[in-house]
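Residues per chain are reported as follows:
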Amino acid sequence: MLIRPLLLAVLLAASLCLRAFAAEDEPIRSGPMVGHAEMRSAQLWVQTTREAKVHFEFWPTAAPERVRSSREVGTREAEACVAKLPADLLEPGSTYEFAVVVDGKRVNRPYPQRFRTPVHWQFRRDPPDFTVAVGSCNYINDEPYDRPGKPYGGGYEIFRSIAAASPEVMVWLGDNCYLREPDVGSRASVLYRYTHSRAVAELQPLLAMCSHYMIWDDHDFGPNDSSRGFRDKVVTREAFELFTANPTYGIPERPRLISTSFEWGDAEFFLTDDRTDRAPNTRQTGERPYLGKEQVRWLIDALVTSEATFKFVCVGNQVLNPAAGPEIETYGHYATEQKELLEAIRAEGIRGVIFLTGDRHHTELTRMPREGTYPLYDLTTSPLTAGPSGRGKNEKNPWRVDGTLLAERNFAFLRFSGPREERVLTLQVRRTDGSVAWEQRIEAKELQ
């Protein structure tokens, strides 16, 4: 019972150390961060404070003498001094520790740096038990550019609470940073905003202890409620790719999207792009795409092909909430495409589909019944550090699961457990301090 408080104390001390280091000639601005991990490789990310030569050293936790190195690259100011490098020829189901080497000198960090590779369970054993953290809406205050009045961001200690529970994976569901009005229109300012949001001290231990995957929504794509007409979306797409370590970016038919997918255990996650091809919310004529035809086709093909027990479709905005209104950004504003996607899931007999969404500045679980087949769930998790909103209390969402509305900063854990034929997903929403707000259990057989 003492493990979690002790780990929280260690993470707090690490944050204090990082604040002290920031005043010195620190070669690392943010990271290292663990990105996409396969059974035999893992992506590692770091941002240096200046142009430098960078590589990673890594070794099995069980055999620290077996140190290996990635290749070396030079970071460049034109690319925000970011380096992404693979650690290759790993072993499945293993834990590795790692370190960053900058200009030939290993940089020590005051917290654990480790990554895990997925277990090779297929044809061998039951799926493993594992945990995935999810959240959205990360606002880091920056007074010269923030709105006047009370700071909008806060509660950064939430990242220590997530790290203390040691998830294998974290999925960021959009608005991972907030572009301010002065940021838009300048490539340097966009990179500044991404850098500023990534460098907060409380976040660093979490970045280095599990695999991180990200989608975007309007605030890291562009201005509020931005869509396909945003002038500088090529610039923000470049910034998104620089500051993430997803497995791939885009689909063959639409390489400018950020869409991709990954698997962990018997779960597969489909990371969608709800901004690049999206029509404006208020557009009255012509086609009104949300994900767009090519992305919907890719998503259905991928869902049909997937053999995962649980298939998570990650979208920036709510998919199932039927509440309407000009201040509510949901898939329902694009009813034709929404109907096409949901009907295709039914017609193809795709099992195990659950939506993961963000954006709303409150959390809730929506359970949409469907005649003749299983219900669809949409877990909305928001915000991490941005300002919470109480507007959800007055929304007419008849499918909201009782007791799941939470209008405060929070994150969620997806816990997967049980033997192959009796898999269970436990949804657990936690407050900033890590205390449990609510929990829901979904059996895989319910999603057949």
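Heads up: the structure comes first, above all this text.
Worth saying up front: this structure is predicted, and the values here are computed from it rather than measured.

Q: Just to check I follow, could you spell out the overall build of the protein for this structure?
A: A tally of helices and strands in the protein yields eight helices and 21 strands. Its C-alpha atoms give the protein a radius of gyration of 21 Å, within 12% of the compact-globule value 22 Å for 448 residues. Along the first, second and third principal axes, the C-alpha set of the protein runs to 60 × 55 × 45 Å. Counting all 448 residues of the protein, 59% fall into the buried class. Residue pairs in contact within the protein that sit at least 24 positions apart in sequence constitute 68% of those at least 6 positions apart. Counting every atom, the protein has about 18,500 Å² of accessible surface; 50% of that belongs to carbon and sulfur. On the protein, the mean spot of the 56 positive side-chain charges and the mean spot of the 62 negative ones are 1 Å from each other.

Q: Quick question: what am I supposed to make of empty space enclosed by the protein here?
A: Once rolled over the atoms, a probe with the size of a water molecule shows which space is left empty. Within this structure, the stated rule accounts for one cavity of 30 Å³ or more. Here the largest cavity is characterised by a volume of approximately 130 Å³. Lining the largest cavity are 14 residues; nearest its centre among them are Asn-176, Cys-177, Tyr-194, Arg-198 and Met-214. The element contributing the most residues to the lining of the largest cavity is helix α3 (residues 187-198), with three residues. Split by residue class, the lining of the largest cavity holds eight nonpolar, four polar and two charged.

Q: When you look at the layout of surface pockets in this model, what are you seeing that I'm missing?
A: In this structure, the largest pocket occupies an estimated 600 Å³ of space. The wall of the largest pocket is formed by 28 residues, among which Arg-147, Tyr-178, Asp-218, His-219 and Asn-224 lie closest to the centre. Approximately 400 Å³ is the volume attributed to the second largest pocket. Forming the boundary of the second largest pocket are 16 residues, of which Trp-121, Gln-122, Glu-307, Ala-308 and Arg-420 lie nearest the centre.

Q: What's the story with the sheet that holds strand β17 (residues 364-368) in this structure? I'm lost.
A: Pairing between the strands of a sheet is mediated by backbone hydrogen bonds and can be parallel or antiparallel. Here six strands make up an open sheet; going across it, the order is β13-β14-β15-β16-β18-β17 and the pairing mixed. In this open sheet, the two edge strands, each paired with only one partner strand, are β13 (260-264) and β17. For this sheet the average axis-to-axis angle between neighbouring strands, irrespective of direction, equals 20°. Where β13 meets strand β14 (residues 267-271), five bridges bridge the pair, whose relative direction is antiparallel. Bridge pairing links Glu-263 to Glu-268 in β14. Against the sheet, helix α7 (residues 293-305) makes contact with β13, β14, β15 (310-315) and β16 (353-357), and its axis sits at roughly 175° relative to β14, the strand it touches most.

Q: Which parts of the structure should I look at to understand the environment of Ala-302?
A: With respect to the element layout, Ala-302 can be found in helix α7. Assessed through its relative accessible area of 17%, Ala-302 is described here as buried. Sequence spacing of Ala-302 and Phe-270 is 32 residues, and the spatial spacing of their C-alpha atoms is 8.2 Å.

Q: Explain the pairing of strand β18 (residues 376-380) to me, please; I cannot follow it from the model alone.
A: The two faces of a sheet get side chains in turn, since along a regular strand they alternate between them. Along β18, five of the five residues are buried, which leaves the element largely enclosed by surrounding structure. What you see with β18 is no split at all: Leu-376, Asp-378 and Thr-380 on one side and Tyr-377 and Leu-379 on the other are buried throughout. Of the strand pairs in this sheet, β17 and β18 are connected by five bridges, and their pairing is antiparallel. In the strand pairing of β18, Thr-366 is matched with Asp-378.

Q: Can you help me understand the pattern of salt bridges in this one?
A: Think of it this way: side chains of opposite charge can pair up when their charged atoms draw near. For the structure on display, the rule yields 28 salt bridges. Across the salt bridge formed by Arg-193 and Asp-142, the nearest N and O atoms sit 3.1 Å from each other. Here Asp-142 lies in the loop between β10 (130-135) and α2 (158-164) and Arg-193 lies in helix α3, a separation of 51 residues in the sequence. Salt-bridge contacts for Asp-232 lead to Arg-231; the nearest nitrogen and oxygen are separated by 2.9 Å. Overlapping salt bridges, with partners in common, bring together Asp-217, Asp-274, Arg-275, Arg-278 and Glu-329 in one network.

Q: Please explain α3 as it appears in this structure.
A: One turn of the α-helix equals 3.6 residues, which is why residues spaced by three or four share an orientation. In this model α3 runs 17 Å from its N-terminal to its C-terminal C-alpha over twelve residues, within 8% of the 16 Å that 1.5 Å per residue would give. When α3 is considered as a whole, its buried residues turn out to be Val-190, Leu-191, Arg-193, Tyr-194, Thr-195, Ser-197 and Arg-198. Elements that come into contact with the buried residues of α3 comprise β1 (28-37), β2 (41-48), α4 (204-207), β12 (211-215), α5 (218-221) and α6 (233-242).

Q: How do you make sense of the environment of Gly-418 when you look at a structure like this?
A: With respect to the helices and strands, Gly-418 occurs in the loop between β19 (410-417) and β20 (424-431). Residues Gly-418 and Asp-126, spaced 292 residues apart in sequence, show a C-alpha to C-alpha distance of 8.2 Å. When near neighbours in sequence (up to four residues on either side) are disregarded, Gly-418 contacts Pro-127, Asp-129 and Arg-423.

Q: What should I look at first to understand the pairing of β12 in this one?
A: The buried count for β12 comes to five of five residues, which makes it a mostly enclosed element. Residues Ser-211, Tyr-213 and Ile-215 line one face of β12 and the alternating positions His-212 and Met-214 line the opposite face, and both faces are buried.

Q: What is the right way to look at the packing of aromatic side chains in this model?
A: One pair of aromatic rings is described through two measures. These are the centre distance and the angle between the planes. Scanning all chains against the criterion turns up 24 aromatic pairs. Aromatic pair Tyr-145 and Tyr-192: ring centres 6.1 Å apart, planes at 70°, arrangement edge-to-face. Highlighted residues: Tyr-145 in the loop between β10 and α2 and Tyr-192 in helix α3, separated in sequence by 47 residues. With relative accessibility at 36%, the residue Tyr-192 sits in the partly exposed group. Between Tyr-152 and Tyr-178 the ring centres are 6.5 Å apart and the planes differ by 75°, which places this aromatic pair in the edge-to-face class.

Reading the values: rules and limits
Residues numbered from 1 in each chain as written. Predicted model: local features only at pLDDT ≥ 70, side-chain atom pairs only at ≥ 80, totals over all residues. Heavy atoms only, no water. Helix = DSSP H or I, 4+ residues; strand = E, 2+ residues; numbered from the N terminus. Rg over C-alpha atoms; globule rule 2.2 N^0.38 Å. Buried < 20%, exposed > 50% of the residue type's maximum accessible area, 1.4 Å probe, protein only. Contact = heavy atoms within 4.5 Å. Areas by Shrake-Rupley, 256 points an atom, 1.4 Å probe, with all protein chains shown as cover. Lys, Arg positive; Asp, Glu negative; His and termini not counted. Charge placed at Lys NZ, Arg CZ, Asp CG, Glu CD. 1 Å grid on protein atoms, 1.4 Å probe; cavity = no way out; pocket = protein on both sides within 12 Å on 5 of 7 lines; lining within 4 Å. Points joined across faces, edges and corners; volume = space filled by probe spheres on them. Nonpolar A, V, L, I, M, F, W, Y, C, P; charged D, E, K, R; others polar. Pairing = 2+ DSSP bridges. Axes fitted to C-alpha atoms, helices over the stretch in contact; angles between N-to-C directions. Salt bridge = Lys/Arg side-chain N within 4 Å of Asp/Glu carboxyl O. Expected span 1.5 Å × (residues − 1). Phe/Tyr/Trp six-rings, centres within 6.5 Å; stacked < 30°, edge-to-face > 60°.

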